[in-house]
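A closer look at the structure
If you want the building blocks of each chain, they are given just below.
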Amino acid sequence: MTVFLRRAAAMAHKETLHISRDAWTLYVGLVLPLVLLVLLGFGVSFDLDHMPLQVVDLDHSPESRALIEDFTAAGEFVLAGSLASGDEAAQAFAAKQSVAVLTIPEGYARALARSEVATVGLLLDGSDGQSAQQAVTRADALARIASLRSTGRAVVPPLAAATWTRFNPAGRSALFLVPGISAYVLALVAVLLTALSVAREWERGSMEQLFCTPVRRGEIIVGKLVPYLCMGIVQVLLVLAAGAWVFGVPARGDLFTLGLASLLFMLGMLGQGVLISIITRNQMVATQASTMTSMLPSMLLSGFIFPVDNMPLLLQGISHLVPARYYIDILRGVLLKGNGLSESLFELAMLVAFASLMMGLSLARFRRKLA
Amino acid sequence: MMRILVQLSAVFVKEVRQTVQDKRVVALLTMVPIVQVLLFGYAIDFDVDRVPTAIVDLDDTPESREVLQGVLADGTLASIGRLPSIPAAEAALESSEAAVVLIVPEGFARAHARREPARLQVLVDGSDPTRSSVAAGAVNGFVASRLSALATAGPRIEVRSRLFFNPALSTPVYMVPGIAGMLLLLVTTVVTAMGLAREREVGTLEQIRVTPLPSSVLMVGKVTPYILIGLVDVSAALGVGAWLFGVPIRGSLLLFYAVTAAYLLTTVGIGLLISTLTNSQQQAYIGAFMFMLPAMLLSGTMTPVHSMPGWLQPLTYVNPLRYYTECVRAILLKGATAGDLWVQILALVVIGLLVITTATRRFHAGAH
């Protein structure tokens, strides 16, 4: 046992020297998580605002101006000038001047005065689908408010809904994204860096040299993985600390569960990286294989940004094989909902299963490769 | 002139042979883009619907059932079943079984009969803000429709929406053009950066340097195969997009390929530049990734540029992916012409030339 530890420690020492002499590895390990956090936390907000709006006001009445005021008051729409007629909309969209054009027909104020239905038009640039979608919803709501105001009398609502939002009342994207960032960074660094570092030994022939030393297969793998495991732990702490400090991400639940889940997830990812490198033995192929099997699924099929419930059934099925999905579930549960060990048992079991599968396959493949 | 062409084709042939030699690389270079378009196309859907909803009906009257049915009618919320009590509903929310809980309190029907406001209670899991706002919107929309059904007597403002270019507002139609740019970036930048780094790592770069090849010829010969691969990949992506997701092709294909070529110049140029800054394939990959990730997030593909905070927006001006995405969306969906897009095309060409000359210079300087 002590021999095993000594040899594994020697391998780990060698790998640590590789890493610490390579500024790039440190960048990706420590700077990339923060860059991602800042870009996703500040830049990617699915609550869209500042949508450029152009108007065609053919009515020129105080009422029509009040409606335009309503549209731009809340900051969702920003006035980007006016057009002479709706026919110019397509051209304005092609030139990216606006994403929506509000047209108020002649007689708008008259229709309101007569208690009739006043119809206004909203032309939308469907090539910017996210903005268009949001614009339709917002415009309907704004028109409803404006209708009530012009009614001028109080209506007793027959039905009212009281909504409480739990866990993230302000609806901030950062709270939602931080757990995913942590998973994505681990998937990226653990799978990719280990895959590249092992594949490089094959490519350069230094793996053969290692085989001539008394170090055993298991010791090579353990020694290779330990430094990356440590790096992963630092990354998780970094993302969570920065998330808490910059975006106020809470940690309401059991931190032991969080640590355990992170460790299991990392072991699975490291195992996957080793497996890829043993199968491919080539850095270029290893990167593409890691992209396909780890980074893309961790981004797209894990619920990181896009909810899994919304996907076609086949993709939902595949998403059950993506360990990041379980890890993100646990993280969100612990951080936002205050969950603990008992709520996370199933997800933890899945992470254990994935990690053992990857490690087992790696060891088996590694032995066979040599024989 | 003749000599340069001979040299160019020699480098080109060498590069192609080296790439084709490993069948797995070829398979990956052609398969990855198609898988990506499929994944992105099917996985990303900004129309949130079928939000799992638990129901707690404490009133259990015909009125309460009718209202619950009405809220669920448009399919945004999908019932996962009835729960007996509010604590049970909260547990479902915590375990993520449900994202929304609709509660009809006792006395709902009675309040309704007395013409008092009858209250529905809604619990929403806010950890996913997009989903929670859509869910709350669905309930409020239903409530408002009841209200306006009552207030038909007064004046009313109605919005009639008309969507240009993408009438069904299908997500893949506007996402696929953005994805095309992302996958070109993923394939060409990484492969170029790693290809040159590999030569340096294995030591063959030194051997090439002893030959009479000028470094500019070496650069051009090296990137040409990757530009061709990029053109093949983008065609595959466009084919899948048009065939499976109904992405229209309204503009000129010639313009599309010209813009793609200009964009590829920037992506392979950045790959070359990264490879002159690094010593190994691992570093080259990391370098490429450090560029690609921000480029994708700041391209306007995932979220529109005008909704980003003001201090981030200037960064998008140096991002070739932003210009390419704008061009492709405009050409495919709006049928834009070169005249409409000259700013974007000019920006791509300028960035491309700048990057490639810097890379060649650095490469040249590194030789001494």
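Data block above holds the structure.
Just so it is clear, the model here is predicted, and its values are computed rather than measured.

**A short note on the overall build of chain B**
- If you tally the helices and strands in chain B, you get 14 helices and five strands.
- For 368 residues, the compact-globule estimate of 2.2 N^0.38 gives 21 Å, and chain B exceeds it by more than 25% at 28 Å.
- Looking at chain B as a whole, 48% of its 368 residues qualify as buried.
- Considering only intrachain contacts with a sequence separation of at least 6, the fraction spanning at least 24 residues in chain B is 80%.

**Topic: the interface of chain A and chain B**
- Contacts between the two partners involve 104 residues from chain A, matched on the other side by 98 residues from chain B.
- No other element matches helix α6 (residues 129–151) of chain A, which puts 15 residues into the side of chain A that touches chain B.
- Looking at side-chain class alone, the side of chain A that touches chain B contains 57 nonpolar, 30 polar and 17 charged residues.

**Some remarks on the environment of A:V78**
- Structurally, the position occupied by A:V78 is in strand β2 (residues 77–82).
- Linking A:V78 and A:D49, residues 29 residues apart in sequence, is a C-alpha distance of 8.4 Å.

**Comments concerning the pairing of β2(A)**
All names here are of chain A.
- Bridge count between strand β1 (residues 51–57) and β2: four bridges; the pairing is parallel. In the strand pairing of β2, L53 is matched with L79.
- A crossover connection joins β1 to the parallel β2 through helix α3 (residues 62–73); in handedness this β-α-β unit is right-handed.

**A few points about the environment of B:G246**
All names here are of chain B.
- Structurally, G246 can be placed in the loop between α9 (215–245) and α10 (253–277).
- G246 gets classed as partly exposed once you count the C-beta atoms within 10 Å, which come to 13.
- On a C-alpha basis, the gap between G246 and A113 in space is 50 Å, while along the polypeptide they are 133 residues apart.
- In contact with G246, other than residues within four places in its own chain, are S170 and V173.

**Let's talk about the packing of helix α10 (residues 255–280) of chain A against helix α13 (residues 323–337) of chain A**
Residues and elements named next belong to chain A.
- Two numbers describe how α10 lies on α13: the axes approach to 10 Å, and their chain directions differ by 165°. On the basis of the axis angle, α10 is roughly antiparallel to α13. Crossing of α10 against α13: the hand is left-handed. Residue-level inspection shows T257, L258, A261, F265 and G268 of α10 in contact with α13, the latter providing P323, Y327, I330, L331 and V334.
- Looking at side-chain class alone, the contact of α10 with α13 contains eight nonpolar, two polar and no charged residues.

**Considerations on helix α9 (residues 217–247) of chain A**
Residues and elements named next belong to chain A.
- In a regular helix each residue adds 1.5 Å, so 31 residues correspond to 45 Å; α9 covers 44 Å between its end C-alpha atoms and thus fits that length.
- Along its length, α9 reaches its greatest deviation from straightness, about 25°, at V226, and the proline P227 lies no more than four positions downstream.
- A positive backbone phi angle near 65° is found at G248, which sits one or two residues after α9.

**Section: the pairing of β1(A)**
Residue and element names in this part refer to chain A.
- Counting buried residues along β1, six of its seven residues qualify, which places the element largely inside the surrounding structure.
- Note: β1 against strand β3 (residues 100–104), five bridges, orientation parallel. Each bridged residue has a counterpart across the sheet, and for V55 the counterpart in β3 is L102.

**Considering α3(A)**
All names here are of chain A.
- Taking 1.5 Å as the rise per residue, α3 with twelve residues should run 16 Å; its terminal C-alpha atoms sit 16 Å apart, in good agreement.
- Taken as a whole, α3 has its buried residues at S64, L67 and F71. When α3 is viewed along its axis, its buried side chains cluster within an angular range of 55° and face the same direction. Turned more than 90 degrees off the buried face of α3, the exposed positions are P62, E69 and A73.
- Directly after α3, the chain includes G75, whose backbone phi takes a positive value near 90°.

**Quick notes on the packing of helix α2 (residues 23–43) of chain B against helix α7 (residues 171–202) of chain B**
All names here are of chain B.
- For the pair α2 and α7, the least separation of the axes is 9 Å and the interaxial angle reads 150°. When the interaxial angle is binned, α2 and α7 end up roughly antiparallel. As for the relative orientation of α2 and α7, their crossing is right-handed in sense. Facing L29, V32, P33, Q36, V37, F40 and G41 of α2, the residues of α7 in contact are P172, M175, V176, I179, L183 and V187.
- A class-by-class count of the residues in the contact of α2 with α7 yields eleven nonpolar, two polar and no charged.

Cut-off values and rules
Residues numbered from 1 in each chain as written. Chains lettered and ligands numbered in written order. Predicted model: local features only at pLDDT ≥ 70, side-chain atom pairs only at ≥ 80, totals over all residues. Helix = DSSP H or I, 4+ residues; strand = E, 2+ residues; numbered from the N terminus. Rg over C-alpha atoms; globule rule 2.2 N^0.38 Å. Buried ≥ 20, exposed ≤ 12 C-beta atoms within 10 Å, placed from the backbone. Contact = placed C-beta atoms within 7 Å. Nonpolar A, V, L, I, M, F, W, Y, C, P; charged D, E, K, R; others polar. Pairing = 2+ DSSP bridges. Right-handed = clockwise from strand over helix to strand, strands pointing away. Axes fitted to C-alpha atoms, helices over the stretch in contact; angles between N-to-C directions. Parallel < 35°, antiparallel > 145°, perpendicular 65-115°, else oblique. Left-handed = near helix turned anticlockwise from the far one by under 90°. Expected span 1.5 Å × (residues − 1). Bend = angle between axes of the 7 residues up to and from the residue. Arc of directions from axis to C-beta.

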